[in-house]
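Remarks on the overall topology
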Amino acid sequence: MATKLTNMSLTGLRVLLTRPTGRAEELLAALHEEGASTLHIPLLDIRELDPEQDAQTIQRNRERVLDLDRYQKLIFISANAVQHGASLVEQYWPQWPVQQMHLAIGAATAAALARRGLSAVAAVNSSMDSESLLASDTLQAVDGERIAIFRGVGGRETLAATLRERGARVDYIECYKRCAPEFNAEQTLSRINDFAANALVVNSGETLENLSALLPARHDLYQCPLVLPSERVAVLASKLGYAKTITAINAGTAATLAALHTIAATAGS
């Protein structure tokens, strides 16, 4: 359900969203409810592994999923990890092993697990990232434990590296991949130009890099207020030349709306 803060409080805001297909609907609904105009151009594709290109990863995933009952904790880094990871597990386990603890990064990830009938421990503070989950009591004393992390191919190593430092044996189950989308760049840029956004929402460093590859130098979006999910991505944005970054508390709908309200208030002042 969309999160409503104030009635029609974002009227006049033209928001460009870049989330992957299937991951923007809640935020789009919330923005429309508050009067904002939106343009959704997915700048990151979530794809299944390719049997030929990703054969080694697929085989490694299979071996680890067949040994799933040997892990004490299963960590899911995103709703995409739940979608693709749970589907993979259920190919081999009609009923999930009962002894594991499930952990989630972010409320959306925990909700995705709940829809599968799996309760989860989520990040302990509002930032909803790897560092937040690592701060939880659940992951402090993990010496000797086996932990599986469900994620896409590649990505940050902070979570696994820290757990290994604490004595855990950590394996990845990389069950999908993130790719730059395939589209007509000229037509996409024309849509962006015609929309003339006065606010921009980006949810990952990869997405930001894909956007920057599309934009010509000195494009207006480099001066557009840019909502980002973390200080880490904000640092990247500054390096890429974006002048007005706003770091939301997390990547969730409520936090993103709060950041956009800040933009709207500044524009109206």
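Presented here is an overview of the structure given in this document. Here the structure is a predicted model, which means the values were calculated and not measured. (Residues numbered from 1 in each chain as written. Predicted model: local features only at pLDDT ≥ 70, side-chain atom pairs only at ≥ 80, totals over all residues. Heavy atoms only, no water.)

Looking now at the overall build of the protein. Helix and strand content of the protein: 10 helices and 11 strands. Radius of gyration (C-alpha) of the protein: 20 Å, near the 18 Å computed for a compact globule of 269 residues. Overall, the C-alpha framework of the protein stretches about 55 × 40 × 35 Å when taken along its three principal axes. Residues counted as buried form 48% of the 269 residues belonging to the protein. (Helix = DSSP H or I, 4+ residues; strand = E, 2+ residues; numbered from the N terminus. Rg over C-alpha atoms; globule rule 2.2 N^0.38 Å. Buried < 20%, exposed > 50% of the residue type's maximum accessible area, 1.4 Å probe, protein only.)

Here the focus is the side chain of His219. You can see His219 is positioned in the loop between helix H8 (205–214) and strand S10 (226–228). Once you skip the residues sitting within four places of it in the chain, His219 turns out to touch Leu189, Ile192 and Asn193. (Contact = heavy atoms within 4.5 Å.)

Glancing now at the pairing of strand S4 (residues 73–76). Of the two faces of S4, the one carrying Lys73 and Ile75 and the one carrying Leu74 and Phe76 are both buried. In terms of strand pairing, S4 meets strand S5 (residues 101–104) through 4 bridges, oriented parallel. The residue of S5 that forms the bridge with Phe76 is Ala104. In this view, the connection linking S4 to its parallel neighbour S5 by way of helix H3 (residues 79–92) has right-handed handedness. For S4 and strand S7 (residues 146–152), the ladder comprises 4 bridges, and the chain directions are parallel. Of the residues in S7, the one forming a bridge with Ile75 is Ile149. (Pairing = 2+ DSSP bridges. Right-handed = clockwise from strand over helix to strand, strands pointing away.)

Here the focus is the packing of aromatic side chains. Taken as a whole, this structure holds 3 aromatic pairs when the rule is applied. With 6.4 Å between their ring centres and 50° between their planes, Phe76 and Trp96 make a pair best called tilted. Taken together, the residues span a long stretch of sequence, with Phe76 in strand S4 and Trp96 in the loop between H3 and S5 at a distance of 20 residues. Relative accessible area serves as the criterion here: at 0%, Phe76 is assigned to the buried category. Here the aromatic rings of Tyr222 and Tyr242 are separated by 4.6 Å at their centres, their planes lie at 40°, and the arrangement is tilted. Placement of Tyr222 in the loop between H8 and S10 and of Tyr242 in the loop between helix H9 (231–240) and strand S11 (245–247) is noted, with a sequence separation of 20 residues between them. Tyr242 carries the same exposure label as Tyr222, and that label is buried. Three or more aromatic residues joined by ring pairs make a cluster, and in this case those are Phe76, Trp96 and Phe150. Positioned above the aromatic ring of Tyr71, the side-chain terminus of Arg146 is 4.6 Å from the ring centre. The ring of Tyr172 carries the charged tip of Arg151 above its face, separated from the ring centre by 3.5 Å. (Phe/Tyr/Trp six-rings, centres within 6.5 Å; stacked < 30°, edge-to-face > 60°. Lys NZ or Arg CZ within 6 Å of the ring centre and 35° of its normal.)

The next point concerns unusual backbone geometry. You will see that Ala196, though not glycine, has its phi angle at about 55°, which is positive. Tracing the backbone shows Ala196 in the loop between helix H7 (185–195) and strand S9 (199–201). Its identity as a non-glycine residue notwithstanding, Arg218 has a phi of 60°, on the positive side. When you line up the elements, Arg218 lands in the loop between H8 and S10. By relative accessible area, Arg218 is classed as exposed at 77%.

Strand order in this open sheet of 6 strands is S3-S8-S7-S4-S5-S6, and the pairing throughout is mixed. Among the strands making up the open sheet, the edge pair consists of strand S3 (45–47) and strand S6 (121–122). Of the strands in this sheet, S3, S4, S7 and strand S8 (169–179) are in contact with H3, which crosses S8 at around 110°. Of the strands in this sheet, S4, S5 and S6 touch helix H4 (residues 107–115), which is tilted by about 140° from S5. (Axes fitted to C-alpha atoms, helices over the stretch in contact; angles between N-to-C directions.)

A word on the environment of Gln53. With respect to the helices, strands and loops of the structure, Gln53 is situated in the loop between S3 and helix H2 (55–66). Overall, Gln53 belongs to the exposed group, its relative accessible area being 65%. Engagement of the side chain of Gln53 in a polar contact is seen with the side chain of Lys177, the distance being 3.3 Å. (Polar contact = N/O pair within 3.5 Å; in protein donor to acceptor, adjacent residues only side chain to side chain.)

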